[in-house]
Amino acid sequence: MAVGRKPASNGRSFTEVASPRTTTFLETAPMPAKPIPDIGPLQELLGFWEAKGTGWNMIALPFAGSAAPPAGFKFRVMMNQYDEKLRFDFVDNNVPNRGLLRPGKTNTDQRTATVDYQQVITQVASEDRPDSGLAGAPGDGIHHEPGLWLFDKDNSLLSKTDQFDGEIATEVDINIARLASIPHGNSVLALGNWAVQEGMPAIPRLTGLPMGRFPDPTGADPYLDPYRHYIANPFMGNVTVSGFPGFSPIDMNEILRFANKGVNITKTTTLTVDSTIRSGGISSVPFSKREADPVSMKSTFWIQELAEKDEHGRPRLRLQYSQVVMMNFFSPRGDGLPERAAWPHISIATLEKTGDPVGLVAV
């Protein structure tokens, strides 16, 4: 071999190895829009949604900066008013899961419709009690969440759950799922079901009070002053509308019902999922599990068709949701049970649909 020609590891000399070819990228015409596929209860989610100051959040957090009880609190309650941008994109109409064990079924596989979502939340107003100096400022990004919604097209999850209306339980199929990833180091799988009805179903009352440590959060215990403060003085954010109830731990869904006054809702698709059903759950990084462990998530989405029409002559769409994440911290509990005290982290919002899905067109 000539001097200067060092052998390569594959036995070829470097001079024999061809130089990389230059890649030329050609401009292509945009793909024509495709019809929106039939993906059951997820179909109307597709596209862009926005809340402008109509999102509300309450969370209790461990607070190391406070004095010890009874002079101070080792937790703080933070309230947020927020803007939200929520985007749903079509992924697939027939994601296959292969299987064998489906008694009485000739088709052993499962096929799901799948929708991707991206949620971005920006703070409008905030405060906490006791005042930590950590509540942030308007414009701060306070949440980012990518995830998926799944619809089991042929009810092949082989599972049912109890749905309660007061004290009456009804057995219903599990036919939808929500998967979510949160930058705090948490991943969620929640299972549930969907329903469609004329008009708008009643939105239930929702308490934001902690459980397991105190027998009466509204009583005289000075440790619960942050909750009593917001019961007596609901968080108003920057809202000055007459009759606005504010965000109160006594009933955190009241703002949603207030937002529906005077709105003519003709049809509602309800999606309800819960991480405590069957194989659902939350996985968290070790720090989160040790300090403030999110042990469950339940959310209800109401997709509303309005009598009012959009510029294309279609019913205008609204979306409301109510979500409760239970976070466990502080041990032992005051009621003697072995778990840590449970603190609700509640988010509610009303959004308007602002755009159709990219690459798809309604037919």
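Residues numbered from 1 in each chain as written. Predicted model: local features only at pLDDT ≥ 70, side-chain atom pairs only at ≥ 80, totals over all residues. Heavy atoms only, no water.

**Student:** Please explain the overall build of the protein chain as it appears in this structure.
**Tutor:** Along the backbone of the protein chain there are three helices and 15 strands. Of all 363 residues assigned to the protein chain, the portion counted as buried reaches 44%. Within the protein chain, contacts between residues at least 6 apart in sequence are counted, and of these 69% link residues at least 24 apart. (Helix = DSSP H or I, 4+ residues; strand = E, 2+ residues; numbered from the N terminus. Buried < 20%, exposed > 50% of the residue type's maximum accessible area, 1.4 Å probe, protein only. Contact = heavy atoms within 4.5 Å.)

**Student:** Explain the pattern of salt bridges to me, please; I cannot follow it from the model alone.
**Tutor:** Think of it this way: side chains of opposite charge can pair up when their charged atoms draw near. By the definition in use, this model includes 13 salt bridges. Note that arginine 290 is salt-bridged to glutamate 291, the shortest N-O span being 2.7 Å. When salt bridges with common partners are traced through the structure, they connect Arg205, Asp251 and Arg257 into a single cluster. (Salt bridge = Lys/Arg side-chain N within 4 Å of Asp/Glu carboxyl O.)

**Student:** Any chance you could explain empty space enclosed by the protein here in plain terms?
**Tutor:** Space left empty within the atom packing is revealed by a probe, the size of a water molecule, rolled over the atoms. One pass over the full model with this rule turns up one cavity of 30 Å³ or more. One number sums up the size of the largest cavity: a volume of about 40 Å³. As for the largest cavity, its lining consists of Leu86, Phe88, Tyr117, Gln119, Glu145, Trp149, Arg178 and Phe301. For the lining of the largest cavity, the secondary-structure elements that each account for two or more residues are strand E3 (75–97), strand E4 (110–129) and strand E5 (141–152). (1 Å grid on protein atoms, 1.4 Å probe; cavity = no way out; pocket = protein on both sides within 12 Å on 5 of 7 lines; lining within 4 Å. Points joined across faces, edges and corners; volume = space filled by probe spheres on them.)

**Student:** Sorry if this is basic, but what is going on with the packing of aromatic side chains here?
**Tutor:** Within a pair of aromatic rings, the relevant descriptors are the distance that separates the centres and the angle that separates the planes. Tallied over the full model, the rule gives 12 aromatic pairs. Judged by centre distance (5.5 Å) and plane angle (35°), the ring pair of tryptophan 56 and phenylalanine 244 falls under tilted. Linking tryptophan 56 in strand E2 (residues 47–62) with phenylalanine 244 in the loop between helix H1 (225–232) and helix H2 (254–259), this pair joins segments that are 188 residues apart in sequence. Taking relative accessible area as the criterion, tryptophan 56 reaches 2% and is therefore assigned buried. Given the relative accessible area of 12%, phenylalanine 244 is considered buried. Centroid distance phenylalanine 301 to tyrosine 321: 5.3 Å. Interplanar angle 25°. Geometry classified as stacked. Of the two residues, phenylalanine 301 is situated in strand E12 (residues 293–309) and tyrosine 321 in strand E13 (residues 315–328); the sequence distance between them amounts to 20 residues. For the pair shown, phenylalanine 301 and tyrosine 321 are each scored as buried. Taken together, the aromatic side chains of Trp56, Phe235, Phe244, Phe247 and Phe258 make up a single cluster linked through ring pairs. Against the face of phenylalanine 63 rests arginine 76, its NZ or CZ located 5.9 Å from the ring centre. (Phe/Tyr/Trp six-rings, centres within 6.5 Å; stacked < 30°, edge-to-face > 60°. Lys NZ or Arg CZ within 6 Å of the ring centre and 35° of its normal.)

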